[in-house]
Amino acid sequence: MIKHIARKEFTDVVRDGRFRWCAALVGALLLVSLGHGWVQARQAQEELAAAQATAREHWESQGEKNPHSAAHYGIYAFKPRLALSFVDEGVDPYTGTSVWLEAHRQNDFLMRPAQDATAAQRIGALTAAQVLQLLVPLLIILLTFGALAGEREQGTLRQLLATGVGRSNLALGKALGVAGALALLLVPAAIVGAAALVVGSQGPAASALARGTVLAGVYLAYFAAFVGLSLAVSARARSARTALVALLAIWVVNGLVAPRVAVDLSKWIHPTPSAVEFAQTLQREMATGVEGIERPDREASNQRLLAQYGVEQVADLPINEVGVFLHESEEFGNRIFDRNYGALWDTFERQGLVHEALAVAAPLLAVRTLSMGLAGTDVEQHRHFATAAEAYRRDLMAQMNGDLTENSLSGDFSYTAGAELWAEVPPLRYDAPTLGWVLNNRILSLLVLGLWVAGAILAGAAGARRAEVA
């Protein structure tokens, strides 16, 4: 009986001209957004490879100079784009993709597309994630708002139930019929997305496909929640029009109101300093130090070296004490950076937890964090790369100051190094977090999304059991 109901519902939906037009529009937007995102991602990967090669060439061909001067010359690090970033850009347009690594400073990321975009461009940017998160649920609502309410208005619900069809079986059959119709839209898009994923993946294809499979499961759960919720409202509403109005109100809250509220509430609960305030704090603490982190003293550093090497004059030291002091200054700055940047990153992650917690009121918030995480474009993975880039910067500075210390005379700043030293510096090797790492960071979102799916299914079943026939 469920099979027959599902077949009839599927046939009715597919024959409906409104479905064909809406599905064609949503499908076209989905395919266009996938194609555009893939082209942009490929172009970004090519530009990234070219920029990395150029930055490396500039580093190795900088000529002879003092190693500490080379540390100030610096080198750029570029954040790689994961294969699924063409589906969901996440925070990348706002956080930037490149950072300049130099002595004494931990710089902010550059190349933020949103910084140069107009407000209209930022609002109008279309990604596959936006289509899946906003337009597909709207299509589900248009397909299901009259599933039970319409049957009751037409007087056919009483006839169906009189034939012995169970209410739960009726709701399940209609849900399967709608799911079949949606599959006509989503399966081709999934195939196109999987093909683009394999072609565009620079690393192991299995890793990208694993992330893509989990991402597909997340969106299927999201759609299942909307189907169940729509059937529950359709079963309880007195008319199809009432069901449509109620479901559209839910869609507006879920897709438009909740994300804005989540942003404002998270910033209110966990405020962050402005860029100017943050920079001023760093400058002040670098100049004076803070409690527990004192600025290095040149004279004290020299006295420790004299005691360590058993000599009475700095000129008798077998190393260049300037290099040691520069290294101590770097270590001091690193502790200041860790203190301030660590607090800032922790605040961003606490804001993210507010978003995830508010997903109990809007499933979109859970899906959005999961989507960005699986695409490799969330705040946590940006922090992961920023931490790796900063560790590389510190190793680079230690290598430059160490060469100055070991290979030049005391107080000698005329010492120069050449291409051999620059070539000894390895390029930045970055390994993206594993799928397990990503899911471990998103346990709350997974739980909330699971609760939404279970709750929507139970609500749909309960609504069908209690649906009035007239």
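Quick look at the structure, then. (Residues numbered from 1 in each chain as written. Predicted model: local features only at pLDDT ≥ 70, side-chain atom pairs only at ≥ 80, totals over all residues. Heavy atoms only, no water.)

### Focus: the overall build of the protein
Then step 1. Helix and strand content of the protein: 20 helices and three strands.
Then step 2. For 470 residues, the compact-globule estimate of 2.2 N^0.38 gives 23 Å, and the protein exceeds it by more than 25% at 29 Å.
Then step 3. The dimensions of the protein, computed from C-alpha atoms along their principal axes, are 105 × 45 × 35 Å.
Then step 4. Out of the 470 residues belonging to the protein, those deemed buried represent 45%.
Then step 5. A fraction of 82% describes how many contacts in the protein between residues 6 or more apart in sequence connect residues 24 or more apart.
Then step 6. Split by element, the accessible area of the protein, about 23,400 Å² in all, is 61% carbon and sulfur. (Helix = DSSP H or I, 4+ residues; strand = E, 2+ residues; numbered from the N terminus. Rg over C-alpha atoms; globule rule 2.2 N^0.38 Å. Buried < 20%, exposed > 50% of the residue type's maximum accessible area, 1.4 Å probe, protein only. Contact = heavy atoms within 4.5 Å. Areas by Shrake-Rupley, 256 points an atom, 1.4 Å probe, with all protein chains shown as cover.)

### Observations regarding the pattern of salt bridges
Then step 1. The full count for this structure, using the stated rule, is 18 salt bridges.
Then step 2. Arg304 is paired through a salt bridge with Glu328; the nearest N and O atoms lie 3.1 Å apart. Taken as a pair, Arg304 in helix H14 (residues 298–309) and Glu328 in helix H15 (residues 321–357) lie far apart in primary sequence, 24 residues in all.
Then step 3. Put simply, Arg393 and Glu330 hold a salt bridge, and the shortest N to O gap is 3.6 Å. Residue Arg393 is located in helix H17 (residues 379–407), and its partner Glu330 is located in helix H15; the two are separated by 63 residues in the primary sequence.
Then step 4. Through salt bridges with shared partners, one network takes in Glu330, Asp338, Glu390, Arg393 and Arg394. (Salt bridge = Lys/Arg side-chain N within 4 Å of Asp/Glu carboxyl O.)

### Things to note about the packing of helix H12 (residues 240–269) against H15
Then step 1. Running from amino to carboxyl end, H12 crosses H15 at an angle of 135°, the nearest separation of the two axes being 9 Å. In terms of their interaxial angle, H12 and H15 are classed as oblique. When you trace H12 past H15, the crossing you get is right-handed. Along the contact surface, H12 presents Ala262, Val263, Ser266, Lys267 and Ile269, while H15 presents Gln351, Val354 and His355.
Then step 2. Here the residues of the contact of H12 with H15 sort into four nonpolar, three polar and one charged. (Axes fitted to C-alpha atoms, helices over the stretch in contact; angles between N-to-C directions. Parallel < 35°, antiparallel > 145°, perpendicular 65-115°, else oblique. Left-handed = near helix turned anticlockwise from the far one by under 90°. Nonpolar A, V, L, I, M, F, W, Y, C, P; charged D, E, K, R; others polar.)

### Some details on the environment of Val218
Then step 1. With respect to the element layout, Val218 can be found in helix H11 (residues 205–236).
Then step 2. Looking at Val218, the relative accessible area reads 5%, which means it is buried.
Then step 3. Those residues within four positions of Val218 in sequence are excluded, and the remaining contacts are Val367, Leu370, Leu374 and Leu449.

### A word on a nonpolar patch on the surface
Then step 1. There is a patch of nonpolar side chains on the surface, built from Val252, Val253, Leu256, Val257 and Val261 and spanning about 370 Å² of accessible area.
Then step 2. With respect to the helices, strands and loops of the structure, Leu256 is situated in helix H12. (Patch = residues over 30% accessible without salt bridge, like charges linked within 9 Å, V, L, I, M, F, W, Y side chains within 5 Å.)

### Notes on H14
Then step 1. Here H14 contains twelve residues, and its C-alpha end-to-end distance of 17 Å stays within 8% of the 16 Å for a straight helix at 1.5 Å per residue.
Then step 2. Regarding H14, the residues found buried are Ser301, Asn302, Leu305 and Leu306. Down the axis of H14, the sector holding all buried residues measures 140°, keeping them to one side. For H14, the exposed residues lying more than 90 degrees away from the buried face are Ala307 and Gln308.
Then step 3. Looking at where H14 begins, the residue whose side-chain oxygen comes 3.2 Å from the main-chain nitrogen of Glu299 is Asp297.
Then step 4. One or two residues past the end of H14 sits Gly310, with phi positive at roughly 65°. (Expected span 1.5 Å × (residues − 1). Arc of directions from axis to C-beta. Polar contact = N/O pair within 3.5 Å; in protein donor to acceptor, adjacent residues only side chain to side chain.)

### So, helix H16 (residues 363–375)
Residues separated by three or four positions in an α-helix point in the same direction, a consequence of the helix having 3.6 residues per turn.
Then step 1. With 13 residues, H16 extends 18 Å between its outermost C-alpha atoms, agreeing within 8% with the 18 Å of an ideal straight helix rising 1.5 Å per residue.
Then step 2. Most of H16 is tucked away, with twelve of its 13 residues classed as buried.
Then step 3. Those residues of H16 not exposed but buried are Pro363, Leu364, Leu365, Ala366, Val367, Thr369, Leu370, Ser371, Met372, Gly373, Leu374 and Ala375.
Then step 4. Among the residues trailing H16, Gly376 stands out with phi positive, at a value near 80°.

### Concerning the packing of helix H2 (residues 17–60) against helix H7 (residues 128–144)
Then step 1. Between H2 and H7, the shortest axis-to-axis distance is 10 Å and the interhelical angle comes to 170°. Comparing the axis directions of H2 and H7 gives the class roughly antiparallel. When H2 is examined against H7, the residues Phe19, Cys22, Ala23, Val26, Leu29, Leu30, Ser33 and Leu34 are found in contact with a partner set consisting of Ala128, Val131, Leu132, Leu135, Val136, Leu139, Leu142 and Leu143.
Then step 2. Class assignment for the residues of the contact of H2 with H7 results in 15 nonpolar, one polar and no charged.

### Comments concerning the side chain of Ser408
Then step 1. Relative to the helices and strands, Ser408 resides in the loop between H17 and helix H18 (419–424).
Then step 2. Using a relative accessible area of 7% as the deciding quantity, one classes Ser408 as buried.
Then step 3. Separated by 2.5 Å, the side chain of Ser408 and the backbone oxygen of Leu404 make a polar contact.
Then step 4. Those residues in contact with Ser408, other than ones at most four positions away along the chain, are Ile319, Asn320, Asp403 and Tyr415.

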